[in-house]
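Each chain, written out:
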Amino acid sequence: MADWPSSPAPDFQSQVEYLDRYITVEFDDGYQHVRPAWPRPRRRWRLHYSVLTEAEKDTLVNAYQSYRGQRFTFDDPLNGEGTFTVVITKPFGLRRSSPNTWEFEIELEEVW
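Here, residues in each chain are numbered from 1, in the same order as that chain's written sequence. Since the coordinates come from a predicted model, pLDDT governs what is reported: local features require at least 70, and pairs of side-chain atoms require 80 or more to be given and counted, while whole-chain, interface and lining totals use all residues. With hydrogens and water stripped out, all remaining heavy atoms of the structure feed into the side-chain values.

**Remarks on a nonpolar patch on the surface**
Residues Val25, Phe27 and Tyr31 make up a contiguous nonpolar surface patch of about 330 Å² in total accessible area. Positionally, Phe27 belongs in the loop between β2 (22–26) and β3 (32–36). By relative accessible area, Phe27 is classed as partly exposed at 46%. Two distance rules govern patches: like charges are joined within 9 Å, and nonpolar side chains (Val, Leu, Ile, Met, Phe, Trp, Tyr) within 5 Å, applied only to residues with over 30% relative accessible area and no salt bridge. Reported accessibility uses the Shrake-Rupley method at a 1.4 Å probe radius. Residues are deemed covered only where the shown protein chains occlude them. We define a salt bridge as a side-chain nitrogen of Lys or Arg found within 4 Å of a carboxyl oxygen belonging to Asp or Glu. Secondary structure follows DSSP: runs of H or I at least 4 residues long count as helices, runs of E at least 2 residues long count as strands, and numbering of each begins at the N terminus. Exposure categories follow from relative accessible area, calculated using a 1.4 Å probe and restricted to protein chains: below 20% of the type maximum is buried, above 50% is exposed, and the middle band is partly exposed.

Right, dumping it as structure tokens:
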């Protein structure tokens, strides 16, 4: 079971990005050698939650407070590719969308 709450679920505005870095060596004769810097691409999730109740918002804010600055596990809700070890890379964004509902955004990045 993952550490990050699976409920509430993020909405359709959420996205996953694959990060990949390469090392390029250029030789005097103009040839280049390119190779991956990492054994596999890392993932970065931008999660967007909308129409949250006060209790759901509190669940996400409490999860942020518990895991900020730490590694924790997270089940990929977008592709269902499994459970990943992640860190929070940006503080969360919070906005009241109506008198009774909230929107919450956060960014998580895979670590090894």
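**A closer look at the pattern of salt bridges**
Taken as a whole, this structure holds 12 salt bridges when the rule is applied. A salt bridge links Glu107 to Arg44; the nearest nitrogen and oxygen atoms lie 3.7 Å apart. A residue pair is termed long-range when its members are at least 10 positions apart, and Glu107 in strand β7 (residues 101–110) and Arg44 in strand β4 (residues 42–52) qualify at 63 residues. Here Glu107 falls in the buried class, since its relative accessible area comes to 7%. A residue is classified by how much of its surface remains accessible, and Arg44, at 18% relative accessible area, is buried.

Everything listed is a geometric property; what it means functionally is a separate question.
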